[in-house]
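Geometric and topological summary
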Amino acid sequence: MAALAMAVAAAAAGQQQNDNCSSTAGAGRQFQNWKMKAEQAKKVEFIRTAEKLKTQIANIEKDKNGHLYNRKSASRAEYSILEELERSMAVSRKTEKAKILQHLSKIQGNVRRLQRQLKDVKITPEFVDRLKEMMEEVENAINAFKEEQRQIYEQLLKEEKTAINELSVMERKVELWVLGSSKTEKVSKLPSARVSVGKTLENRLPEEVVEFERFLQRTGGRQGGWDDYDHQNFLKVWTKHKGRLSYMDEALQYLCGRTKEDIEEHDKWYQEFLILHEKKKESIKKWKEKQLREKVDLKEKEKSDKMHREEWLQHEEAQKQKAAEQRKRQQAAVEAWKKQKAKAFAVEQASQLKLEEEGEKNQQKEHQRQYHMKLLLEGCTLQKKEKEELEKLEKKREEAEKEKMKRIAAEEMTKFQERDLRKLELRLLQKQAKEVEKQEKEKRLARLREKVEIGVTRDPSRLYRPTKGWEERTREMAPAAGEPVLRVPRRAVPAWRQGM
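Summary of the structure given here. Quick caveat: nothing in here was measured; it's all calculated off a predicted structure.

**As for helix H6 (residues 207-219)**
For H6, which comprises 13 residues, the first-to-last C-alpha distance of 18 Å matches the rise-based estimate of 18 Å (1.5 Å per residue) to within 8%. The set of residues buried in H6 consists of Val209, Val210, Phe212, Glu213, Phe215 and Leu216. Downstream of H6 by a residue or two, Gly220 has a phi angle that is positive, lying close to 95°.

The following block contains the structure:
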């Protein structure tokens, strides 16, 4: 009974330990599930962001193509170079993509071949060496692909950094150009100054700025084609009278070399100059306000993104706390259920202990029986192998005998062929001798015929007469007088022979 109680206590302790392990495993699984859900949410967010960026890229490409590659654009000749460059870069990207896909498909094929080899595992040194070679080949291909892509990405990062620096320099130049327009006005007050608008047109400045610069270039600079002395005197008189027509007489006194028509024409030019200059100032002011608004919008967007991120983190923290509380409640319920189950298990363990002992005995018997059957099977397998070896040896011996018989038959065949050839030669010699003898006989008969002349008359009736031998025979067969005639059975005589 003491041993039984100890066994029950040990079983209960083991069951409790197993339950603790199962609870720990359940918590681990819940953590893994939560982690997988978080990763899935990150993946979904990344895919959504990628789709948005893709849509933005498509819209930007559309706008760029509409502005740059328009056939009606004034700078079509300059933009055609960019178009050709973009086309060549697109072709190079497609080529690089096809090359990468080909390399990846090759690596995928090697991996699938390795997986097929692992499905049919054979514990042999050759198989292990082959698997090792395949794994090294796959690893080398992956490492080479990673190294190549790393070098490409490093080169792209360098090019991106260089492009960013160049763009920042260009933006700084444009800002300095716009902000330093006042300095440019001071420098342009030299005699016969001329303004070039080639770079302005190339930088795609606002329309008002371009129009103002073209006006200056067309009309002779900021003095309207006049020298600095006459223009300053005109400005002094015009400012004094605030642009009224009463300044004309005083202007003629200050401007001795100018006529009234020149002054009126210069007045029209100056009024147009003031209008265009005011438009240029307003355009630059609007551009600055736009830049300021964009910065403010960017800050607000960053602020809203930060708030959304904080809200999401708070939501995630609340979800984590809620999940932790739920896990605690579930763990408490599981612990109570475990205690009840341990009590019931202690009661059942006592009754099952004997059954287990009997089962162990039966299992030992079954093991012994299986071991005996295994020995018998091994003996049968060994006998079968020996029999197969004997059959192989017998088959080899029979094949050797067949080869020997074939070799002997070939030798005998050669002998028989030689004998037949000798016999054939002998027959040919005999035939030739007979022909020679026949020819000699014919020659002798011919010589005898020449010596004796034979004359025979033709008598066709002698064919129907009986021969001498037949006459003698019929005479001997005639019966004597007074003797009874005996009928000797003989064959019937044909009708055409009767009476001969």
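Now that the structure has been shown, the text picks up again.
**Description of the nonpolar core**
Counting residues in each nonpolar core, the largest one holds 16 residues, and the members touching the most others are Phe215, Phe234, Tyr247, Ile263, Tyr270 and Phe273. Going through the elements one at a time, H6, helix H7 (228-240), helix H8 (247-254) and helix H9 (260-451) are the ones with two or more residues in this core. Top contributing element to this core by residue count: H9, with 5 residues. Setting aside its immediate chain neighbours within four residues, Tyr270 contacts His231, Phe234, Leu235 and Trp238.

**Describing the packing of H6 against H9**
Where H6 meets H9, the axes come as close as 8 Å, and the angle between the chain directions of the two elements is 150°. Taken together, the axes of H6 and H9 are roughly antiparallel relative to one another. Note that H6 runs across H9; the crossing there is left-handed. Contacts between H6 and H9 involve Glu208, Val209, Glu211, Phe212, Glu213, Phe215, Leu216 and Thr219 from the first element and Trp269, Glu272, Phe273, Leu276, His277, Lys279, Lys280, Ser283 and Ile284 from the second. A per-class count over the contact of H6 with H9 returns 8 nonpolar, 3 polar and 6 charged.

**Notes on the packing of H7 against H9**
Their axes nearest at 12 Å, the elements H7 and H9 cross at an angle of 75°. By the criterion of interaxial angle, the relationship of H7 to H9 is roughly perpendicular. Contacts between H7 and H9 involve His231, Phe234, Leu235 and Trp238 from the first element and Ile263, His266, Asp267, Trp269, Tyr270 and Leu274 from the second.

**Side note on the pattern of salt bridges**
Side-chain pairing between opposite charges can occur once the charged atoms of the two side chains come close. This structure, assessed with the given rule, holds 13 salt bridges. Notably, a salt bridge pairs Lys415 with Glu412, separated by 3.9 Å at the nearest N-O pair. You can see Lys415 and its partner Glu412 sitting in helix H9, 3 residues apart, about one turn around the helix. With relative accessibility at 32%, the residue Glu412 sits in the partly exposed group. Arg475 is the partner of Glu472 in a salt bridge, and the nearest nitrogen-oxygen pair spans 2.2 Å. Taken together, the positions of Glu472 and Arg475, both in helix H10 (residues 468-476) and 3 residues apart, correspond to about one turn of that helix.

About the cut-offs
- Residue numbers here run from 1 along each chain, matching the order of that chain's written sequence.
- Given that this is a predicted model, residues contribute local features only at a pLDDT of at least 70 and side-chain atom pairs are listed and counted only at 80 or more, while totals for whole chains, interfaces and linings are drawn from all residues.
- Note: side-chain values were computed over all heavy atoms of the structure, leaving out hydrogens and water.
- The secondary structure listing takes helices from DSSP runs of H or I that are at least 4 residues long and strands from runs of E that are at least 2 residues long, numbered from the N terminus.
- Multiplying one less than the number of residues by 1.5 Å gives the expected span of a helix.
- The buried label applies to any residue whose accessible area, calculated with a 1.4 Å probe on protein chains only, is under 20% of its type's maximum; exposed applies above 50%, and partly exposed to all values in between.
- Nonpolar cores were defined as sets of buried Ala, Val, Leu, Ile, Met, Phe, Trp, Tyr and Cys residues, with membership established by side-chain atoms within 4.5 Å.
- Only heavy atoms enter the contact rule, under which two residues are in contact if any of them lie within 4.5 Å.
- Between N-to-C directions, angles span 0 to 180 degrees; the directions come from axes that are lines fitted to C-alpha atoms, helices contributing only their stretch in contact.
- An angle counts as roughly parallel when it lies under 35 degrees, as roughly antiparallel when it exceeds 145, as roughly perpendicular when it falls between 65 and 115, and as oblique in every other case.
- By the definition used in this description, the sense in which the near helix is turned from the far one sets the handedness, with an anticlockwise turn below a right angle giving left-handed and a clockwise turn giving right-handed.
- Throughout, the ten residues Ala, Val, Leu, Ile, Met, Phe, Trp, Tyr, Cys and Pro are labelled nonpolar, Asp, Glu, Lys and Arg are labelled charged, and all others, Gly among them, are labelled polar.
- The term salt bridge refers to a side-chain nitrogen of Lys or Arg lying within 4 Å of a carboxyl oxygen of Asp or Glu.

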